[in-house]
Amino acid sequence: MCGNNMSVPLLAEAVTVSGMEKETAAVIFLHGLGDSGHGWADTLTAIQLPHVKFICPHAPPIPVTLNMKSMMPAWFDLMGLSPNSPEDESGIKKAAENITAIIEHEAKNGIPPNRIMLGGFSQGGALSLYTALTCQHQLAGVVALSCWLPLHRNFPSASSGNKNLPILQCHGDMDIMIPVQFGAMTAEKLKNIVNPQMITFKTYPGLSHSSCPQEMAAVKEFIEQHLPRI
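Residues numbered from 1 in each chain as written. Predicted model: local features only at pLDDT ≥ 70, side-chain atom pairs only at ≥ 80, totals over all residues. Heavy atoms only, no water.

Caption draft 1: Focus on the overall build of the chain. Check the secondary structure of the chain and you find six helices and nine strands. A compact globule built from 230 residues would reach a C-alpha radius of gyration of about 17 Å, and the chain, at 16 Å, matches this within 12%. The principal-axis extent of the C-alpha atoms belonging to the chain is close to 45 × 35 × 35 Å. The buried share of the chain, taken over its 230 residues, is 53%. (Helix = DSSP H or I, 4+ residues; strand = E, 2+ residues; numbered from the N terminus. Rg over C-alpha atoms; globule rule 2.2 N^0.38 Å. Buried < 20%, exposed > 50% of the residue type's maximum accessible area, 1.4 Å probe, protein only.)

Caption draft 2: Expanded view of the UniProt feature "domain: Phospholipase/carboxylesterase/thioesterase" (unreviewed entry) in the chain. Mapped onto this numbering, the UniProt entry gives "domain: Phospholipase/carboxylesterase/thioesterase" (unreviewed entry) at residues 13-226. In this annotation, residues 13-226 is assigned 30% helix and 21% strand; the end-to-end C-alpha distance for the span is 27 Å. (UniProt positions renumbered as here; feature names shortened; annotations may be inferred.)

Caption draft 3: Molecular detail of empty space enclosed by the protein. Counted according to the given criterion, the structure contains one cavity of 30 Å³ or more. When its volume is computed, the largest cavity comes out at roughly 130 Å³. Partitioned by chemical class, the residues of the lining of the largest cavity number 10 nonpolar, four polar and three charged. (1 Å grid on protein atoms, 1.4 Å probe; cavity = no way out; pocket = protein on both sides within 12 Å on 5 of 7 lines; lining within 4 Å. Points joined across faces, edges and corners; volume = space filled by probe spheres on them. Nonpolar A, V, L, I, M, F, W, Y, C, P; charged D, E, K, R; others polar.)

Caption draft 4: Examining the packing of helix H3 (residues 89-108) against helix H4 (residues 123-134) more closely. With their axes 9 Å apart at the nearest point, H3 and H4 run at an angle of 75° to one another. As summarised for this structure, H3 and H4 are arranged roughly perpendicular, according to the angle between their axes. In this structure, H3 uses Ile92, Lys93, Ala95, Ala96, Ile99 and Thr100 to contact H4, whose residues at the interface are Leu127, Tyr130 and Thr131. Of the residues belonging to the contact of H3 with H4, the class tally is six nonpolar, two polar and one charged. (Axes fitted to C-alpha atoms, helices over the stretch in contact; angles between N-to-C directions. Parallel < 35°, antiparallel > 145°, perpendicular 65-115°, else oblique. Contact = heavy atoms within 4.5 Å.)

Caption draft 5: Structural view of the packing of aromatic side chains. Tallying each qualifying case throughout the model produces four aromatic pairs. Their ring planes at 40° and their centres at 4.9 Å tell us that Phe29 and Trp40 sit as a pair that is tilted. Of the two residues, Phe29 sits in strand E2 (residues 25-30) while Trp40 sits in helix H2 (residues 38-45), which places them 11 residues apart along the sequence. For Trp40, a relative accessible area of 7% puts it in the buried group. On the basis of an interplanar angle of 40° and a centroid distance of 5.4 Å, the ring pair of Trp40 and Phe121 is categorised as tilted. Of this pair, Trp40 sits in helix H2 while Phe121 sits in strand E6 (residues 116-121), and the two are 81 residues apart along the sequence. Taken as a pair, Trp40 and Phe121 share a single burial class, namely buried. (Phe/Tyr/Trp six-rings, centres within 6.5 Å; stacked < 30°, edge-to-face > 60°.)

Caption draft 6: How the structure looks around unusual backbone geometry. The omega angle of the peptide bond from Phe155 to Pro156 is 5°, so this bond is cis rather than trans. Among the secondary structure elements, Pro156 is positioned in the loop between strand E7 (141-145) and strand E8 (167-172). Phi is positive for Ser122, close to 60°, though the residue is something other than glycine. Tracing the sequence through the fold places Ser122 in the loop between E6 and H4.

Caption draft 7: Region of the structure containing the environment of Cys56. As for its placement among the helices and strands, Cys56 is situated in strand E3 (residues 52-56). Of the residues examined, Cys56 reaches a relative accessible area of 1% and is grouped as buried. In the structure, Cys56 is positioned 157 residues away from Pro213 in sequence and 19 Å away in space, judged by C-alpha atoms. Those residues in contact with Cys56 that sit more than four places away from it in its chain are Ala14, Val15, Phe29, Gly37, Ala41 and Leu44.

Caption draft 8: Representation of H3 within the structure. Compared with an ideal rise of 1.5 Å per residue, which puts 20 residues at 28 Å, H3 spans 29 Å between its outermost C-alpha atoms and is within 8% of the ideal. Tucked inside the fold, the buried residues of H3 contact helix H1 (9-12), E2, E3, E6 and H4. At the C-terminal side of H3, Gly110 shows a positive phi close to 110°. (Expected span 1.5 Å × (residues − 1).)

Caption draft 9: Spotlight on the pattern of salt bridges. All chains considered together, the criterion is met by five salt bridges. Where Glu106 meets Lys53, a salt bridge forms, and the shortest distance between an N and an O atom there is 2.8 Å. Placement of Glu106 in helix H3 and of Lys53 in strand E3 is noted, with a sequence separation of 53 residues between them. Of the charged contacts, one joins Glu89 and Lys93 as a salt bridge, the two residues approaching to 2.8 Å between their closest N and O atoms. Here Glu89 pairs with Lys93, and both are found in helix H3, just four residues apart, close to one helical turn. (Salt bridge = Lys/Arg side-chain N within 4 Å of Asp/Glu carboxyl O.)

Right under this line is the structure:
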């Protein structure tokens, strides 16, 4: 893979929030169903650290079964939003490969995987969890907002074996789209995949399927902790 963005399809159009000084770390943040990278760029700019680059790729439009096969930006197809719903296994694995390609592109351009964090909201958070747990690179951590672990029945055997992956999971307790109980089940499952002390699960009273300033403050603190200035 060469150094230009055209060799990584998701990077060609991605929104990038550049650091104010030499970039020594990166956060790849994945939006939710039907959104775009622009949807999170402003929110992430508000918690920007001078040495950290934020990369917000756009999911391609695909037909989504959950929404009567309507075409919309999605990382993979969704058949349902419960722990027992059938899942788009091939689509999830392909999407993870595409995110791993971004990690490897950044590594070739001077930011090693252990200085790269994955993050995302809803379906994007789900993909960030799956990618970080299955890729062969030791990443700096995962920010998983209002989401779940896809293909959870395949774990822990599907894991690449990296037990020391810091994970910040955040969830609103009034989320009717992805109920907080699903988030709590995911946190418990993650404790069987990585060292339990690596998992932080925070809930936010009154928060629906969205974000809030307190949550973003926790995200900023997590990034500062695991991607310090060097």
